[in-house]
Amino acid sequence: MEDVPAIEKPEVTEHTVYGYWCPTCQKVVFPTLTEALPNAMIGLRLVVFTAWLHYLVGVSVNNIVKILAVVCRFKISAGGLTQAWINLARLLQPAYEQIGGNVSQSGVLNADETGCRLNGITHWLWCFTTKTLCYYVITKSRGSPVVRKVLGDIFRGILICDFWGAYNKISALAKQRCFYHLFTELVKVDKTNRSASWKAFRKQLLRLLKDGLRLSQRKAEFSAEKYDRLKTRLYDRLEGIVSIQHHTDKDARRLIKRLKRHKAELFTFLEYENVSPYNNHAEQQMRKPVITRKVSQQNRSESAAKAQAILMSLFRTAELQGQNPIETVLSLAKVAITHSTVKEASLKLAA
């Protein structure tokens, strides 16, 4: 039998820190204490563990306070806990920015966005993710400036995204628009449109998309010449759809307009390796933030929203890389404390 031992009371440790004058450095040198954040009374491991519970698992702040009080005999206020997370996020911001820089240089990138609230005002949670990196941004804008800020005006990789207009404003090596959004659009229109002209258009488009998926799955069966010939035939069929003038059905006209605008971005997955026709990877990274949103409703300040973006990015990136998220973030925090302590001591003595 395996079990978790009962915790009678929290472990309290007193650290006495001595400073000594260094004749070589010409300053007072202090040892680095990495067991807690600077000027904090709460252990670093507890701060990281509770941040993981809230930002990645989705446990509410009040429930975390209850868990600590009942299971760990540890009393702390909700405000004290959230402030500790904000301080942790500020310390780890360089690691977060490094993830953002690596994402902007990636070869294949998925992007998605969803709504969130900050003190009752609608904001947007953006996600830019690869197979091993995840970068979240919370901002009031849902427009192209957010995409430009993260990826730049020219993204040198392949961007997989939905049909939201913000992604149209940047250039990329190639873009792949999500097939799932087209399929759901067809199902949505089916519920209200029963006309024969719509059904004929839907059948033609659906067959084209499914043929593209089948060709991708069977690529290894064909020679390069036959594969290119079949791929060209798909492009010709797409051109035949978007060239329809004045379709009798209004829903078909709307979709034809969309397909015409993005006709060069529908079959990118046939041109490049390791490119999916679906934006499923980005949507998977949105699931846990959506759970957190349902539980905790919203952030109350800009600093709390920034902390959420930073800590979610670090925890989720560690998971994607197959690492223990708590131990990984704890190690990053200890390294950051070491460097920040040296810097702060130098600045204090210089002043």
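Worth saying up front: this structure is predicted, and the values here are computed from it rather than measured.

Draft legend 1. Geometry of the nonpolar core. Ranked by internal contacts, the top residues of the largest apolar core, which has 68 residues, are Trp85, Leu88, Leu92, Phe128, Leu151, Leu159 and Leu311. Take this core: its biggest share by element is nine residues, from helix H11 (residues 302-320). What leucine 151 contacts, discounting residues up to four positions off in sequence, is Val103, Ser104, Leu109, Phe128, Leu159 and Ile170. Ranked by size, the runner-up nonpolar core spans 32 residues in total, among them Ile158, Trp198, Leu205 and Leu259.

Draft legend 2. Quick look at the packing of aromatic side chains. Counted under the stated rule, the structure contains eleven aromatic pairs. Ring geometry for tyrosine 55 versus tryptophan 85: centroids 5.4 Å apart, planes at 65°, classification edge-to-face. Taken as a pair, tyrosine 55 in helix H1 (residues 44-57) and tryptophan 85 in helix H3 (residues 78-91) lie far apart in primary sequence, 30 residues in all. Across the pair, exposure class does not vary: tyrosine 55 and tryptophan 85 are buried alike. Note on tryptophan 126 and tyrosine 167: the rings are 6.0 Å apart at their centroids and 75° apart in plane angle, and the pair reads as edge-to-face. Of this pair, tryptophan 126 sits in strand E4 (residues 121-129) while tyrosine 167 sits in the loop between strand E6 (154-161) and strand E7 (171-177); the two residues are 41 residues apart in sequence, bridging distant segments of the chain. Both residues of the pair, tryptophan 126 and tyrosine 167, count as buried. An aromatic cluster is present here, built from Phe179, Phe183, Tyr235, Phe267 and Phe269 joined pairwise through their rings. In this structure, arginine 142 packs its charged tip against the face of tryptophan 164, placed 3.8 Å from the ring centre.

Draft legend 3. Up close: helix H7 (residues 196-217). Taking 1.5 Å per residue, 22 residues should reach 32 Å; H7 reaches 32 Å between its end C-alpha atoms and fits that length. Check the buried side of H7 and you find it contacts helix H6 (179-190), helix H8 (224-242) and helix H9 (250-261).

Draft legend 4. Quick peek at the confidence of the model for the protein chain. The predicted model of the protein chain averages 91 in pLDDT, with 97% of residues at 70 or higher. In the model of the protein chain, helix H12 (residues 325-350) stands out as the element of lowest mean pLDDT, 70, in contrast to strand E5 (residues 134-139), which has the highest, 96. Note on residues 341-351: pLDDT under 50 across the span, and four contacts to partners over four residues away in sequence or across chains.

Draft legend 5. Representation of the packing of H6 against H7 in the model. Taken N-terminus to C-terminus, the directions of H6 and H7 make an angle of 160°; their axes are 11 Å apart at the nearest point. One finds that H6 runs roughly antiparallel with respect to H7. For the crossing formed where H6 meets H7, the hand is left-handed. Each of Phe179, Leu182, Phe183, Leu186, Val189 and Asp190 in H6 lies in contact with H7, whose residues at this interface are Trp198, Arg202, Leu205, Leu206, Leu209 and Leu213.

Draft legend 6. Here's a closer look at the pattern of salt bridges. All chains considered together, the criterion is met by 16 salt bridges. For the salt bridge of glutamate 113 with arginine 142, the shortest nitrogen-to-oxygen distance reads 3.1 Å. Placement of glutamate 113 in strand E3 (residues 108-118) and of arginine 142 in the loop between E5 and helix H5 (144-151) is noted, with a sequence separation of 29 residues between them. Overall, arginine 142 belongs to the partly exposed group, its relative accessible area being 27%.

What counts, and where the lines are drawn
Residues numbered from 1 in each chain as written. Predicted model: local features only at pLDDT ≥ 70, side-chain atom pairs only at ≥ 80, totals over all residues. Heavy atoms only, no water. Core = buried A, V, L, I, M, F, W, Y, C linked by side-chain atoms within 4.5 Å. Buried < 20%, exposed > 50% of the residue type's maximum accessible area, 1.4 Å probe, protein only. Helix = DSSP H or I, 4+ residues; strand = E, 2+ residues; numbered from the N terminus. Contact = heavy atoms within 4.5 Å. Phe/Tyr/Trp six-rings, centres within 6.5 Å; stacked < 30°, edge-to-face > 60°. Lys NZ or Arg CZ within 6 Å of the ring centre and 35° of its normal. Expected span 1.5 Å × (residues − 1). pLDDT = per-residue confidence, 0-100. Axes fitted to C-alpha atoms, helices over the stretch in contact; angles between N-to-C directions. Parallel < 35°, antiparallel > 145°, perpendicular 65-115°, else oblique. Left-handed = near helix turned anticlockwise from the far one by under 90°. Salt bridge = Lys/Arg side-chain N within 4 Å of Asp/Glu carboxyl O.

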